[in-house]
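Here are the chains, one letter per residue:
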Amino acid sequence: MTPDTVSLRYFLVLAQELNFTRAATRIGIAQPALSARMRRLEAELGTALLVRDTRNVVLTTAGAALAESAPPALAALDRAWDIARSAAAGELGTLRIGYSLSAGAETAPVLVDRLIRSSPGLEVGAVPMATPEISPAVADGRIDAGITRGEQPGRGVRRFLLRRQRVGVQLAQHHPLAEHLEIAIADAAAYPLRLPDRAANPVIHDQLSALFRDTRPSPRFHTPAVSFDMSQRDLRDGLTLAPAGEAAVTTQPVGLTWRPLRGAPSLTLHLVLPREQSPVHRRIRAVAKTLAQELHWLPD
């Protein structure tokens, strides 16, 4: 019969003190209870561990052997318990996060860094993805979590609001509107507006274009021939403005600046998780929620 670990730990204290009174005081139990524990441990092992008299306690050969071999065994058991608890808390394993380019400027790197620092046993990988691909990839298990802008459609997932951002426009530093701390929506609509290709990201295209729905005359929307995030010559030349969230400030290219649009609704970033969630999924949810509170990503 394998002895219980509590009695084994008590025995190790007694082996150090070689005195029942001191050992019982150190453990925090009554001396008779400690004596009963030791008798039961010896009965389970089928051998004497201690030689007692009115004054002293001496370890037998078996007792000395147990006192030497038990600590590393208990340490290994403690590590096993810790590993099990870490796994149950979602702090072990591999976490694959997909994120849209708009989330890559600040939100995704900050969340990944917090996950790595708070859970050393969690291997975290992140990869940029086209926004419409993220929710389906979470649903079918290709990735464990996603960060997307806007209310992206998709089945088999749950979305958690992660961040609200002011919406504004990127424009050349020498542009006349750059002199203002805020820009009226109607004033921005007087210039060509650069939007992402609707075929690549219909939700964001529609959300940004809707900001200018009521302006007259109707705004002129422009979609660049190359990637929305790669070519910005028309912005630097002052020919167009690009509606964008305030995260654009953190990755501002040389020659460009960002100004908020007065009265515009905020843009939202969402954490996307599968409907059936593992401990790892619950872990990222908890970390993301704490981070959003600390960094005021969801202002009142």
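Use the structure listed above.
Residues numbered from 1 in each chain as written. Predicted model: local features only at pLDDT ≥ 70, side-chain atom pairs only at ≥ 80, totals over all residues. Heavy atoms only, no water.

Asker: Mind laying out the pairing of strand 13 (residues 267–274), listing which residues take part and the relevant values?
Answerer: With 8 of 8 residues buried, strand 13 lies mostly within the body of the structure. Alternating positions in strand 13 separate into two faces, Leu-267, Leu-269, Leu-271 and Leu-273 on one and Thr-268, His-270, Val-272 and Pro-274 on the other, with burial throughout. In terms of strand pairing, strand 5 (residues 145–149) meets strand 13 through 4 bridges, oriented antiparallel. Along strand 13, the bridge assignment pairs Arg-149 with Leu-269. (Buried < 20%, exposed > 50% of the residue type's maximum accessible area, 1.4 Å probe, protein only. Helix = DSSP H or I, 4+ residues; strand = E, 2+ residues; numbered from the N terminus. Pairing = 2+ DSSP bridges.)

Asker: Residue-level account of the sheet that holds strand 8 (residues 183–184), with values.
Answerer: Read across the sheet, 4 strands follow the order 8-12-7-11 without closing on themselves; strand pairing throughout is mixed. Bordering the open sheet on either side are strand 8 and strand 11 (242–245), each of which pairs with just one other strand.

Asker: Before we move on, could you go through the pattern of salt bridges and cite the residues and values that matter?
Answerer: This model, assessed by the stated rule, comprises 12 salt bridges. Ionic pairing is found between Arg-163 and Glu-106, a salt bridge with its closest N-O pair at 3.0 Å. Taken together, the residues span a long stretch of sequence, with Arg-163 in strand 6 (residues 157–165) and Glu-106 in the loop between helix 5 (101–104) and helix 6 (107–118) at a distance of 57 residues. Taking relative accessible area as the criterion, Glu-106 reaches 25% and is therefore assigned partly exposed. A salt bridge links Glu-246 to Arg-166; the nearest nitrogen and oxygen atoms lie 3.7 Å apart. One end of the pair, Glu-246, is in the loop between strand 11 and strand 12 (256–262); the other, Arg-166, is in the loop between strand 6 and strand 7 (167–172), and 80 residues separate them in sequence. Judged by relative accessible area, which is 45%, Arg-166 ranks as partly exposed. If you follow the salt bridges from partner to partner, you end up with Glu-17, Arg-22 and Arg-26 in one network. (Salt bridge = Lys/Arg side-chain N within 4 Å of Asp/Glu carboxyl O.)

Asker: How would you summarise the nonpolar core if you had to cite specific residues and measurements?
Answerer: Of all hydrophobic cores here, the largest spans 24 residues; its most connected members are Leu-95, Ile-97, Leu-111, Leu-115, Ile-147, Leu-271 and Ile-284. Sorting the residues of this core by element identifies strand 3 (93–99), helix 6, strand 4 (122–128), strand 5, strand 6, strand 13 and helix 11 (279–294) as the ones contributing at least two each. Counting residues per element, this core draws most heavily on helix 11, at 6 residues. With residues up to four places along the chain from it excluded, the contact list for Leu-95 reads Leu-115, Leu-122, Glu-123, Val-124, Gly-125, Asp-144, Val-280 and Ile-284. Core analysis: the next-biggest nonpolar cluster, separate from the first, contains 19 residues, Phe-11, Ala-23, Leu-34 and Met-38 among them. (Core = buried A, V, L, I, M, F, W, Y, C linked by side-chain atoms within 4.5 Å. Contact = heavy atoms within 4.5 Å.)

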